[in-house]
Amino acid sequence: MYDIVMHLALHAAEYIIRKGYCRYFFHEESIGGMLYLTNNRLCFRPHPIHRDTPPIDDIVLGTIEDIILPVKLGIFSQGIRLILRDKSDTIAFTVWRRKIWQKAIKMACLSL
């Protein structure tokens, strides 16, 4: 297995809590990349093969209202879905070990 480098520039006093490969769902398209959880934000960086993908704004942790774990047909897990406080959007990612991601994001939001 190979590791593709997808860089994340950290701000002052910011550190990475968790990172992992994921798929981001954008307008019926699934985009592979790396998801980073820092103490301030949730960041998605697309895989280099998706260079034509428009940039995806980082999600400030304070704007997250809830993190749900959707299930299809009561059986198949469907990643995580973020509900933003202004209710303007929901953002969906497929991640490995989604319950751990959910807990990590909730803990980071509480520690703000």
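Rules used in this analysis
Residues numbered from 1 in each chain as written. Predicted model: local features only at pLDDT ≥ 70, side-chain atom pairs only at ≥ 80, totals over all residues. Heavy atoms only, no water. Helix = DSSP H or I, 4+ residues; strand = E, 2+ residues; numbered from the N terminus. Patch = residues over 30% accessible without salt bridge, like charges linked within 9 Å, V, L, I, M, F, W, Y side chains within 5 Å. Areas by Shrake-Rupley, 256 points an atom, 1.4 Å probe, with all protein chains shown as cover. Salt bridge = Lys/Arg side-chain N within 4 Å of Asp/Glu carboxyl O. Buried < 20%, exposed > 50% of the residue type's maximum accessible area, 1.4 Å probe, protein only. Core = buried A, V, L, I, M, F, W, Y, C linked by side-chain atoms within 4.5 Å. Contact = heavy atoms within 4.5 Å. Phe/Tyr/Trp six-rings, centres within 6.5 Å; stacked < 30°, edge-to-face > 60°.

Asker: I tried to follow the environment of Phe 25 on my own but got confused; where do I start?
Answerer: Assignment of secondary structure puts Phe 25 in strand β1 (residues 16-26). The spatial distance from the C-alpha of Phe 25 to the C-alpha of Ala 92 is 5.7 Å, given a sequence separation of 67 residues.

Asker: It is not clear to me how a nonpolar patch on the surface should be interpreted in this structure. Could you clarify?
Answerer: Together, Leu 73, Ile 75 and Phe 76 make up a nonpolar patch on the protein surface, roughly 380 Å² of accessible area in all. Positionally, Ile 75 belongs in the loop between β6 (71-72) and β7 (76-77). Look at Ile 75 and you get exposed, because its relative accessible area is 64%.

Asker: Can you walk me through the nonpolar core in this structure?
Answerer: Note that soluble globular proteins tend to have their nonpolar side chains buried in a common cluster. Membership of the largest hydrophobic core comes to 23 residues, with the highest contact counts inside it found for Leu 42, Phe 93 and Ile 105. Contributing elements (two or more residues each) for this core: β1, β2 (29-38), β3 (41-46), β5 (64-68), β8 (80-84), β9 (90-95) and α1 (98-110). Here this core takes 5 residues from α1, the largest share from any one element. Look past the residues within four positions of Ile 105 in its chain and what remains in contact with it is Leu 37, Leu 42, Ile 64, Ile 67, Ile 80 and Leu 82.

Asker: It is not clear to me how the pattern of salt bridges should be interpreted in this structure. Could you clarify?
Answerer: Where charged atoms of side chains with opposite charge meet at close range, the side chains can pair. Enumeration over the complete set of coordinates arrives at 4 salt bridges. For Asp 58, the salt bridge identified is with Arg 41, shortest N-O distance 2.4 Å. You can see Asp 58 sitting in the loop between β3 and β4 (59-60) and its partner Arg 41 sitting in strand β3, a full 17 residues away along the chain. Linked through salt bridges whose partners overlap, the residues forming this network are Glu 14, Arg 41, Arg 45 and Asp 58.

Asker: I tried to follow unusual backbone geometry on my own but got confused; where do I start?
Answerer: Trans is the common state for peptide bonds, and a negative phi is the common state for residues other than glycine. Despite not being glycine, Ala 13 shows a phi value in the positive range, around 65°. In this structure, Ala 13 sits in the segment before β1. Despite not being glycine, Arg 97 has its phi angle at roughly 60°, a positive value. Relative to the assigned elements, Arg 97 resides in the loop between β9 and α1. For Arg 97, a relative accessible area of 51% corresponds to the exposed category.

Asker: So what exactly am I meant to see when it comes to the packing of aromatic side chains here?
Answerer: Aromatic ring pairs are described here by two measures, namely the spacing of the ring centres and the angle between the planes. Enumeration over the complete set of coordinates arrives at 3 aromatic pairs. An angle of 35° between the planes, with centres 5.4 Å apart, marks the rings of Tyr 24 and Phe 44 as tilted. Taken together, the positions of Tyr 24 in strand β1 and Phe 44 in strand β3 put the pair 20 residues apart, joining distant regions of the chain. Comparing Tyr 24 with Phe 44 shows no difference in burial state: the two are buried. Aromatic rings pair up to connect Tyr 24, Phe 44 and Phe 93 into one cluster.

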